Amino acid sequence: MWNNGGLSPLNFLAVIGQVVLAAFADVGRLSQFLYNSVMHCILPPIYPRLIFEQMVRIGYNSLPVVGLTAFFTGGVLALQIFIGGSRFNAESLVSSIVALGITRELGPVLAGLMVAGRVSAAIAAEIGTMRVTEQIDALVTLSTNPFKYLVAPRLIAALVTLPLLVVVADTIGIMGGYIVGTRSLGFNSGVYIKNTVDFIEFIDIFSGLAKSAVFGFIIALMGCYHGFYSRGGAQGVGRATTNAVVTASILILAANYVMTSLLFTE
Amino acid sequence: MSTDRHIVLEDVRKAFGPKHVLNGVTVDVERGKSLVVIGGSGTGKSVMLKCILGLLDPDSGSIKIDDREVVGLRGSDRDAVMAKMGMLFQGAALFDSLTVWENVAFGLIQGKKMNRKDAKEIAIQKLGQVGLGAEVGELSPAELSGGMQKRVGLARAIAADPDIIFFDEPTTGLDPIMGDVINDLIVHTVQELGATTVSITHDMTSARKIADKIAMIYKGEMIWHGDAKDVDESGSDYVEQFIHGSADGPIQMEVLKP
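Residues numbered from 1 in each chain as written. Chains lettered and ligands numbered in written order. Predicted model: local features only at pLDDT ≥ 70, side-chain atom pairs only at ≥ 80, totals over all residues. Heavy atoms only, no water.

Novice: Explain the overall build of chain A to me, and be specific about the residues and the numbers.
Specialist: Along the backbone of chain A there are 9 helices and 0 strands. Starting at the N terminus, the α and β elements of chain A follow one another as α-α-α-α-α-α-α-α-α. Across its three principal directions, the C-alpha atoms of chain A cover 70 × 60 × 35 Å. For chain A, the residues scored as buried account for 44% of the 266 residues in total. Across chain A, the fraction of contacts at a sequence separation of at least 24, relative to all contacts at a separation of at least 6, is 83%. Of the accessible surface of chain A, which amounts to about 13,300 Å², a share of 71% is contributed by carbon and sulfur atoms. Measuring between centres, the 14 positive side-chain charges of chain A sit 7 Å from its 12 negative side-chain charges. (Helix = DSSP H or I, 4+ residues; strand = E, 2+ residues; numbered from the N terminus. Buried < 20%, exposed > 50% of the residue type's maximum accessible area, 1.4 Å probe, protein only. Contact = heavy atoms within 4.5 Å. Areas by Shrake-Rupley, 256 points an atom, 1.4 Å probe, with all protein chains shown as cover. Lys, Arg positive; Asp, Glu negative; His and termini not counted. Charge placed at Lys NZ, Arg CZ, Asp CG, Glu CD.)

Written as structure tokens, this is what we have:
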């Protein structure tokens, strides 16, 4: 016998139905948010001062964390490739594979994930707090569109800044590999640099920068979206922050796979 | 006369899922007069205000400002209506990232595209109107007390010399003296501007001080509407219970009794 408190087949179906409907509602809301955001990025007025402020916050302030991550990743990559490559006499490939790995994958993905943790959370917390303290309503009453004033500058700034951060990450990451390669693994400095430069192609760098632009857009979009729809005071803002980081990170990894498939599959 | 009616709400309804918050609100405000809407928590006061401001769209009904239907207005039409309005939020809702004068001048710079120098002059002047010196303009909102934040919020609400000003619980969270200071400022600045005002409050002292008319909302309906001086002889048990703050009466709070 099913009692009222138990999970009857009808209750079970109702729960599934509610989850599916909530998922569709979320997708619809996100699609509408994305459309509004993109339109406000394209259509004037654009606020250059706000975009510049956000570029400093997203890009310049993220340099230490991205630089350190790239440096140690480049060093570890050189060590691992040297150790793995020595099993079949391929130690000489260290510089080439470090350059390839950093520019194509590790530079953009690790920079994206680090910035997602730092920036997406900050955006969600800031906009979420503005939502629960009625500052977003105040913007509307002062004839200012929140998408234009809050969302568009962050999206544009992240879209432009992430590729610049990845250029720095690529350079520092390759330098990390170079320092480990020449100081610990006994590579000749000139040969290491020559192998790196000779092996890298335009598509390696371009693919990383294209990915990072998409990652930047995802990071800002998730931060803004979760902040914009946060509810319920401090707890709601905390939830929005967590959701922003988790969804941005997952979407970055998914987008990385899709873009790698598109760019490198014949 | 219809031309005297500045704001007109007719049969405004709003529900959130199964919860019906506004059940056909009908009320109007004469030009240059002050309407105070009283009522308990969760009775629909804030939702009504947000519907008039366009922050929420009502499910049905009509809201007219200056004889123009404003429900569903978007874009430049909405901006034109918003340009006539100012709003003092319950928690002041000052922008943390801006200084006090930038907060006051925000609507002038962003909404009216005024240059920053002229907007700052007006902001300092408006701060003076609410009893704050120019030096306060350079502080950040976090450095202000609750009463000062409310004053800055009031300065921001009147910065663009609006025709209509909304006050959401203007004295909530303030001590009685500061509450009275804010009430005086509201009366004084509104008289100076000749603006129409709509306020929502629980505070009967505040309501008596700033209202020409008082309306009471209960369960999403206007159950009484009249001159402020008549509120003590309303003849409504609901109004009587509310203004005396009594637990006994027709309004029963949904609390679990031991």
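Novice: Requested: an account of the overall build of chain B, with residues and values cited.
Specialist: Scanning chain B from N- to C-terminus turns up 8 helices and 10 strands. On C-alpha atoms alone, chain B measures out to a radius of gyration of 19 Å, which is about the 18 Å that the 2.2 N^0.38 rule sets for 258 residues. Reported as C-alpha extents along the three principal axes, the dimensions of chain B are approximately 55 × 40 × 35 Å. For chain B, buried positions account for 50% of its 258 residues. (Rg over C-alpha atoms; globule rule 2.2 N^0.38 Å.)

Novice: Give a description of the sheet that holds strand β6 (residues 85-88) of chain B that names residues and reports values.
Specialist: All names here are of chain B. The sheet built from 6 strands is open, its strands ordered β6-β7-β8-β3-β9-β10 with mixed pairing. At either margin of the open sheet sits one strand with a lone partner, and together these are β6 and β10 (221-227). Strand after strand, the sheet turns through a mean of 15 degrees between neighbouring axes, direction not considered. Taken together, the 4 bridges between strand β3 (residues 34-38) and strand β9 (residues 213-218) define a ladder with parallel strand orientation. Bridging across to β9, Val-37 finds its partner in Ala-215. Along the sheet, helix α5 (residues 146-158) makes contact with β6 and β7 (164-168), crossing β6 at roughly 175 degrees. Where helix α8 (residues 237-244) meets the sheet, it contacts β3, β9 and β10, and its direction lies at approximately 100 degrees from that of β9. (Pairing = 2+ DSSP bridges. Axes fitted to C-alpha atoms, helices over the stretch in contact; angles between N-to-C directions.)

Novice: How would you explain the packing of aromatic side chains if you had to name every residue and give the values?
Specialist: As enumerated under the stated definition, the model contains 16 aromatic pairs over all chains in all. Each ring, one from Phe202(A) and one from Phe206(A), has its centre 5.7 Å from the other, and the planes form 20 degrees; the classification is stacked. Note that Phe202(A) and Phe206(A) are positioned in helix α8 (residues 202-228) at a spacing of 4 residues, about one turn of the helix. On the basis of relative accessibility, which here comes to 65%, the residue Phe202(A) falls in the exposed class. Between the aromatic rings of Phe228(A) and Tyr229(A), the centroid separation amounts to 5.5 Å while the plane-to-plane angle is 75 degrees, which identifies the pairing as edge-to-face. Overall, the relative accessible area of 24% leaves Tyr229(A) in the partly exposed class. Taken together, Phe33(A), Phe147(A), Tyr225(A), Phe228(A) and Tyr229(A) form an aromatic cluster joined through their ring pairs. Positioned above the aromatic ring of Phe95(B), the side-chain terminus of Arg156(B) is 4.9 Å from the ring centre. (Phe/Tyr/Trp six-rings, centres within 6.5 Å; stacked < 30°, edge-to-face > 60°. Lys NZ or Arg CZ within 6 Å of the ring centre and 35° of its normal.)

Novice: Kindly report on the sheet that holds strand β2 (residues 19-30) of chain B, identifying the contributing residues and their values.
Specialist: Strand order in the open sheet formed by 4 strands is β2-β1-β4-β5 (chain B), with antiparallel pairing between adjacent strands. Edge positions in the open sheet fall to β2 and β5 (68-69) of chain B, since each of these has one partner strand only.

Novice: Please give an account of the confidence of the model for chain B that cites residues and values.
Specialist: Confidence along chain B averages 88 in pLDDT terms, with 97% of residues attaining 70 or more. The secondary-structure element of chain B with the lowest mean pLDDT is helix α6 (residues 176-193) of chain B, recorded at 84, while strand β4 (residues 60-65) of chain B shows the highest, at 94. (pLDDT = per-residue confidence, 0-100.)

Novice: Could you give me a rundown of the interface of chain B and chain A, with the residues and numbers involved?
Specialist: Counting residues at the interface gives 24 residues for chain B and 15 residues for chain A. Interface of chain B and chain A: buried area, both sides summed, is about 1,600 Å²; carbon and sulfur atoms make up 59% of it. Here chain B and chain A share 1 salt bridge between them. With a shortest N-O distance of 3.6 Å, Lys50(B) and Asp137(A) are connected by a salt bridge. Those elements giving two or more residues to the side of chain B that touches chain A turn out to be α1 (45-53), α2 (75-82), β6 and α3 (100-111) of chain B. Ranked by residues supplied to the side of chain B that touches chain A, first place goes to α3(B) with 4 residues. (Buried area = accessible area lost by both parts, 1.4 Å probe. Salt bridge = Lys/Arg side-chain N within 4 Å of Asp/Glu carboxyl O.)

Novice: Lay out a nonpolar patch on the surface in plain terms, naming residues and giving numbers.
Specialist: Residues Leu10(A), Phe12(A), Leu13(A), Ile16(A), Val20(A) and Phe24(A) make up a contiguous nonpolar surface patch of roughly 640 Å² in combined accessible area. Here Leu13(A) lies in helix α1 (residues 9-42). (Patch = residues over 30% accessible without salt bridge, like charges linked within 9 Å, V, L, I, M, F, W, Y side chains within 5 Å.)

Novice: Run through empty space enclosed by the protein, naming residues and quoting values.
Specialist: The final tally for this structure, using the stated rule, is 3 cavities of 30 Å³ or more. Space inside the largest cavity adds up to approximately 70 Å³. The wall of the largest cavity is formed by Arg49(A), Tyr149(A), Leu98(B), Glu102(B), Phe106(B), Ile109(B), Gln110(B) and Arg116(B). At 4 residues, the largest contribution of residues to the lining of the largest cavity is made by α3(B). When its volume is computed, the second largest cavity comes out at roughly 50 Å³. For the second largest cavity, the full set of lining residues is Val66(A), Thr69(A), Ala70(A), Thr73(A), Ile102(A), Leu106(A), Gly107(A), Leu110(A), Ala111(A), Ala169(A) and Gly173(A). (1 Å grid on protein atoms, 1.4 Å probe; cavity = no way out; pocket = protein on both sides within 12 Å on 5 of 7 lines; lining within 4 Å. Points joined across faces, edges and corners; volume = space filled by probe spheres on them.)

Novice: Quick rundown of helix α4 (residues 116-129) of chain B? Include the residues and the values.
Specialist: All names here are of chain B. With 14 residues, α4 extends 20 Å between its outermost C-alpha atoms, agreeing within 8% with the 20 Å of an ideal straight helix rising 1.5 Å per residue. Restricting attention to buried positions, one finds in α4 the residues Ala-119, Ala-123, Lys-126 and Leu-127. Projected onto a plane normal to the axis of α4, the buried residues spread over an arc of 100 degrees and lie on a single side. Along α4, exposed side chains directed more than 90 degrees from the buried face belong to Lys-117 and Glu-121. Buried residues in α4 make contact with α3 and α5. (Expected span 1.5 Å × (residues − 1). Arc of directions from axis to C-beta.)

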